[in-house]
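Listed below, chain by chain, are the residues.
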Protein chains: 2
Amino acid sequence: MVGHTGVVLALDSLPGGCEDAKCLENLIPMFAGVKVGLPLLLRGGPKLLEEIAEVSKKYGVLRIADFKLADIGDVMSSSLEATWRLGYDVAIAHAFVGIRGGLDALMVRASELGIKIALLVSMSHEGSKEFYDKHFHEFLTIARGLGVWGVVVPATRPHLISEARAMLESSVRILSPGVGTQGAGYGTAMCRGADYEIIGRSVVKAPNPLEASARILKEVEETVRTCRASYV
Amino acid sequence: MVGHTGVVLALDSLPGGCEDAKCLENLIPMFAGVKVGLPLLLRGGPKLLEEIAEVSKKYGVLRIADFKLADIGDVMSSSLEATWRLGYDVAIAHAFVGIRGGLDALMVRASELGIKIALLVSMSHEGSKEFYDKHFHEFLTIARGLGVWGVVVPATRPHLISEARAMLESSVRILSPGVGTQGAGYGTAMCRGADYEIIGRSVVKAPNPLEASARILKEVEETVRTCRASYV
């Protein structure tokens, strides 16, 4: 676990009034990781993403590129290489695309580049139950077989986090979005066994992101301390 | 159908020696549409995509943004809005994310913006058989229910194109990748009922992309003429 907590800041947009990575200099070091997504890439371009990676690297903060790769192997590998060049050390890909000519090619390229793959095995919205979650155990089996660095399991489906934790080796990181605005309580995913909780809008849309971060991080720590104490 | 053929040029990278949209001025008007993807966005940035859309619009060529949207509704909607601002009129999204809190939100935003959605219902690589294709008929049902503008069905699974054509209203466009480098013959998807065939590397990686395009477009036309004649 990087940093003093396992909380990752999701940047699908920048905080109000912030237009480049400079104004993130105080915010980023509060977190264990930053996660950038497609909306930010489309608006800010690769240069902004590169600057965010630079600031994060300076403070030893994990850089996660969340473009939810879901294409044929060649295209995912090409995106992966570009992502790596921008300075990111983890890339998130969808398990749904399958192995042959898809995830197998991605894993080969990831290993060559030295970039880590986190496999999405369930999603935080209701629609995840329609198709995705029907294959949850198969996706965990794929994650094990491919030897991925981590998996993404939403905090809005806490029982899936427990199942993933039980089924995967302890070295496999569980990243959990869905706390805060999406409804799950701060710290609840870590109490179930997640290594990282991903928080976005609760910070980015707050009138004072630094203050909101401090409050949220404290709440995460307290919740985790309480639930861990109850296991003693 | 836009243009004189239904062939769409996929730009995951630019042709060799070409570094901006200017050198596409002769190439783009040969096609019915252009399709840009994540690798190009990561390398060239939103400005390049905007320029490609401008050139395409000038010649009445369809602009397709293929970021394979596969996220929760809020994030897909945010990406969709940014895509629309860059000048694109079609966006491709994955069916497997499901409707509730996913595709339903995307369709609402698409309708507000006046941007068309093409739903990916099968993929061209072997891994598509592992999960994706098991839900093919369900995905077509979703496509009908949501009233999408089009669906994406790969030329490497020709029987799926026939099934989609039989199940969907004739106004629903079928876009088909997988011809050329990926193995399916030029024109074969249109012979099965596709409205558009998507060609990428066969043109972009060719020593002379204009010459390669002319040759490929001729081959598509001849194949389509022959197969249509055999139905008379």
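Note: the structure precedes this text.
(A) Highlighting the nonpolar core. Membership of the largest hydrophobic core comes to 183 residues, with the highest contact counts inside it found for Ile52 of chain A together with Ile52 of chain B. With residues up to four places along the chain from it excluded, the contact list for Ile52 of chain B reads Leu11, Leu14, Ala21, Leu24, Ile28, Val34, Val36, Leu40 and Tyr88 of chain B.

(B) The environment of Gly145 of chain B, seen in detail. Residue and element names in this part refer to chain B. With respect to the helices and strands, the residue Gly145 is situated in helix α4 (residues 136–146). Judged by relative accessible area, which is 67%, Gly145 ranks as exposed. The spatial distance from the C-alpha of Gly145 to the C-alpha of Ile72 is 19 Å, given a sequence separation of 73 residues.

(C) Layout of the side chain of Arg157 of chain B. In this structure, Arg157 of chain B sits in the loop between β6 (150–152) and α5 (158–167). Setting aside chain neighbours within four positions, we find Arg157 of chain B in contact with Ser122, Met123, Ser124, His125, Glu126, Ser128, Lys129 and Asp133 of chain B.

(D) Summary view of the environment of Leu69 of chain A. Tracing the sequence through the fold places Leu69 of chain A in strand β3 (residues 62–69). When its relative accessible area of 5% is taken as the criterion, Leu69 of chain A is described as buried. Leu69 of chain A sits 28 residues away from Val97 of chain A along the chain, and the two C-alpha atoms are 9.0 Å apart. Leu69 of chain A has contacts with Met76, Ser79, Leu80, Ile92, Ala93, His94 and Leu106 of chain A together with Leu38 of chain B, leaving out every residue within four places of it along the chain.

(E) Quick peek at the state of the cysteines. All names here are of chain A. This structure, assessed with the given rule, holds four disulfides over all chains. One disulfide in the model links Cys191 with Cys227; its S-S distance is 2.1 Å. With the S-S dihedral at roughly -95°, the linkage between Cys191 and Cys227 falls on the left-handed side. Here the residue Cys191 occupies a position in helix α6 (residues 188–192), and Cys227 occupies one in helix α8 (residues 209–229), the gap between them amounting to 36 residues. Classification of Cys227 by relative accessible area gives buried; the value is 13%.

(F) Broad picture of helix α3 (residues 99–113) of chain A. Residues and elements named next belong to chain A. By the burial criterion, the buried members of α3 are Gly102, Leu103, Leu106, Met107, Ala110 and Leu113. The buried side chains of α3 occupy one side of the element, clustering within an arc of 135° when seen end-on. Opposite its buried face, α3 presents the exposed residues Ser111 and Glu112, each directed more than 90 degrees away. Looking at the buried positions of α3, the neighbouring elements they touch are β3, α2 (73–85), β4 (90–94), β5 (116–120) and α4 (136–146). One or two residues past the end of α3 sits Gly114, with phi positive at roughly 75°.

(G) Summary view of the interface of chain A and chain B. Facing the 47 residues of chain A at the interface are 47 residues of chain B. Of the roughly 3900 Å² buried where chain A meets chain B, counting both sides, 61% is carbon and sulfur surface. Among the residues chain A hides against chain B, the three largest losses belong to Leu42, Arg100 and Phe131 of chain A. Together they make up 19% of the total. Counting across the interface, chain A meets chain B through eight salt bridges. Linking chain A to chain B there are 19 residue pairs in polar contact (both at pLDDT 80 or more). Secondary-structure elements contributing two or more residues to the side of chain A that touches chain B are α1 (38–58), β3, α2, α3 and α4 of chain A.

(H) Fine view of the relation of the copies chain A and chain B. Mapping chain A onto chain B leaves a residual RMSD of 0.0 Å; the transformation is a rotation of 180° accompanied by 0.0 Å of translation along its axis. Such a combination of rotation and displacement between the chain copies is what one expects of a two-fold axis. If distances are taken from each C-alpha of chain A to the rotation axis, the shortest is found for Gly45 of chain A, at 2.5 Å. Taken together, the interface assignments show that 100% of the residues at the interface of chain A recur at the interface of chain B, consistent with an identical surface on both copies.

So, how was this worked out
Residues numbered from 1 in each chain as written. Chains lettered and ligands numbered in written order. Predicted model: local features only at pLDDT ≥ 70, side-chain atom pairs only at ≥ 80, totals over all residues. Heavy atoms only, no water. Core = buried A, V, L, I, M, F, W, Y, C linked by side-chain atoms within 4.5 Å. Buried < 20%, exposed > 50% of the residue type's maximum accessible area, 1.4 Å probe, protein only. Contact = heavy atoms within 4.5 Å. Helix = DSSP H or I, 4+ residues; strand = E, 2+ residues; numbered from the N terminus. Disulfide = S-S within 2.5 Å. Arc of directions from axis to C-beta. Buried area = accessible area lost by both parts, 1.4 Å probe. Salt bridge = Lys/Arg side-chain N within 4 Å of Asp/Glu carboxyl O. Polar contact = N/O pair within 3.5 Å; in protein donor to acceptor, adjacent residues only side chain to side chain. Least-squares fit on C-alpha atoms with pLDDT ≥ 70 in both.

No statement about biological role is implied by the geometric values presented.
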